[in-house]
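In case you want the letters, here they are:
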Amino acid sequence: MPNDDAEVLISERRGAVQVLRLNRPAKLNALNTALTRALHDELRRADEDDAVRAVVLAGEGRSFCTGADTSEFAVLTPADNRAVIRRSELTTKTQAMLQRMRKPIVSVVQGHALGGGAGLAIGCDMMVAADDASFGYPEVRHSLVPAIVMTGLQRQLGRKLAFELVSTGRRLTAAELAENGLANRVTPVDQAFDTAMEIATRWAEVNPLAMSAIKDLFYRVADLPFDQAMRTGGDINAIMRGFAGAGG
């Protein structure tokens with residue numbers, strides 16, 4: 001597989017599973033504009049393709065993703081405010097898309113998952129962490145703020161530990177990711193991708209309408225008051241009776 005920036009994202013189909021690989025291994029898959037845009041566009045294509053029923057997000061090389069490519073910061077300055085806003089909007093849309101897309105997605109986290117990379121890792125519906133995973137938000141050590149990814153972190157982790165991560169730059173190990181409910185599986189490095197494929201393949205065997213409804217309802221009720229969430233669940237319960245193959 002190519003390791004230069006000519007192909008910053010590798011997209012391949014394995015049955016009904018779309019595999020997306022961040023492909024800037026020499027930069028530890030840091031998110032420059034080209035990679036962020038490519039990821040956004042491929043996630044959208046996978047979501048719109050009826051032949052795709054699940055997605056695996058991984059990284060080439062020894063790390064998943066180290067977050068924003070700071071080499072671009074030299075041009076993303078107040079001197080070109082439009083470029084700053086465009087990049088911020090692209091990053092926000094890409095991070096948010098993981099939960100908004102209809103297809104379930106699992107991340108494969110080996111090595112570093114930092115900043116925006118940490119956001120991608122936990123933004124997926126499930127995570128498989130290799131035992132060498134190192135997860136965190138180092139922005140504060142560089143006088144930066146993990147602004148876009150903070151929402152996802154706070155909604156998935158207890159507030160005290162979440163604040164510790166963003167305010168001190170502390171990193172979590174693979175075992176700590178599992179202990180705190182951020183990783184679904186912890187495996188040796190050489191087994192992480194295959195484990196994620198097993199999860200995605202199992203998803204792909206499910207009625208796609210049911211899977212889409214499960215994902216949509218899961219995230220919708222998280223943001224609703226209890227009574228409204230229960231009513232929403234009741235509405236989906238009635239609708240699902242029309243799915244082909246639905247039980248009685």
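Residues numbered from 1 in each chain as written. Predicted model: local features only at pLDDT ≥ 70, side-chain atom pairs only at ≥ 80, totals over all residues. Heavy atoms only, no water.

What follows covers the sheet that holds strand β1 (residues 9–14). Pairing is mixed across the open sheet formed by six strands, whose spatial order is β1-β2-β3-β4-β6-β9. Where the open sheet ends on each side, the last strands, each with one partner, are β1 and β9 (185–187). Ignoring strand direction, the axes of neighbouring strands in this sheet form an average angle of 20°. By the bridge criterion, three bridges tie strand β3 (residues 54–59) to strand β4 (residues 105–109) in an arrangement that is parallel. (Pairing = 2+ DSSP bridges. Helix = DSSP H or I, 4+ residues; strand = E, 2+ residues; numbered from the N terminus. Axes fitted to C-alpha atoms, helices over the stretch in contact; angles between N-to-C directions.)

This brings us to the pairing of β1. Note that β1 and strand β2 (residues 17–22) share six bridges and pair antiparallel. From the neighbouring strand, S11 faces β2, where its bridge partner is L20. Hairpin remark: β1 followed by β2, antiparallel, with two residues in the connecting loop; positive phi at G15, about 65°.

Turning next to the packing of aromatic side chains. As enumerated under the stated definition, the model contains two aromatic pairs in all. With centroids separated by 5.0 Å and ring planes inclined at 90°, the aromatic side chains of F218 and Y219 adopt a geometry described as edge-to-face. Judged by its relative accessible area of 18%, Y219 falls in the buried class. One residue, R21, lies across the ring of F193, its end atom 4.4 Å from the ring centre. (Phe/Tyr/Trp six-rings, centres within 6.5 Å; stacked < 30°, edge-to-face > 60°. Buried < 20%, exposed > 50% of the residue type's maximum accessible area, 1.4 Å probe, protein only. Lys NZ or Arg CZ within 6 Å of the ring centre and 35° of its normal.)

With that out of the way, let us pick up a negative patch on the surface. A cluster of acidic side chains, namely D131, D132, D190, D194 and E198, defines a negative patch on the protein surface. Along the chain, D132 falls in the loop between β6 (126–130) and β7 (134–136). (Patch = residues over 30% accessible without salt bridge, like charges linked within 9 Å, V, L, I, M, F, W, Y side chains within 5 Å. Areas by Shrake-Rupley, 256 points an atom, 1.4 Å probe, with all protein chains shown as cover. Salt bridge = Lys/Arg side-chain N within 4 Å of Asp/Glu carboxyl O. Lys, Arg positive; Asp, Glu negative; His and termini not counted. Charge placed at Lys NZ, Arg CZ, Asp CG, Glu CD.)

With that out of the way, let us pick up the nonpolar core. Membership of the largest hydrophobic core comes to 43 residues, with the highest contact counts inside it found for L57, F135, Y137 and L177. Here the element with the most residues in this core is helix α1 (residues 33–48); it accounts for five residues. In this view, L177 contacts M127, A129, A133, F135, L172, L182 and A183; residues no more than four positions away in its chain are not counted. With 19 residues, the next largest nonpolar core counts V19, A54, V128 and W203 among its residues. (Core = buried A, V, L, I, M, F, W, Y, C linked by side-chain atoms within 4.5 Å. Contact = heavy atoms within 4.5 Å.)

The next point concerns the sheet that holds strand β5 (residues 112–114). As summarised here, the arrangement of the three strands in space is β5-β7-β8, forming an open sheet in which the pairing is mixed. Because the sheet does not close on itself, it has two edges, and the strands there are β5 and β8 (171–173). Put simply, the sheet's adjacent strands are angled 20° from each other on average, direction ignored. Here β7 pairs with β8 via three bridges, running antiparallel. Note on β8: the bridge partner recorded for S134 is T173. Relative to β5, helix α3 (residues 116–123) is tilted by about 100°, and along the sheet it contacts β5 and β7.

Turning our attention to unusual backbone geometry. Unusually for a residue other than glycine, L28 sits at a positive phi of about 55°. Residue S143 is not a glycine yet carries a positive backbone phi of 60°. Within the secondary structure layout, S143 lies in the loop between β7 and α4 (147–156).

The next point concerns the pairing of β4. A large share of β4 lies buried, amounting to five of its five residues. Burial of the side chains of β4 extends over both faces: I105, S107 and V109 are buried on one face and V106 and V108 on the other. As defined by bridge partners, β4 adjoins β6 across four bridges and the pair is classed as parallel. For S107, the partnering residue across the bridge sits in β6 and is M127.

With respect to the secondary-structure elements, N180 resides in the loop between α6 (174–179) and β9. Here N180 falls in the partly exposed class, since its relative accessible area comes to 31%. Each residue touching N180, except ones within four places of it in the same chain, is listed here: Q156, L157 and L161. Among the polar contacts listed, one links the side chain of N180 to the backbone oxygen of E176, at a separation of 2.8 Å. (Polar contact = N/O pair within 3.5 Å; in protein donor to acceptor, adjacent residues only side chain to side chain.)

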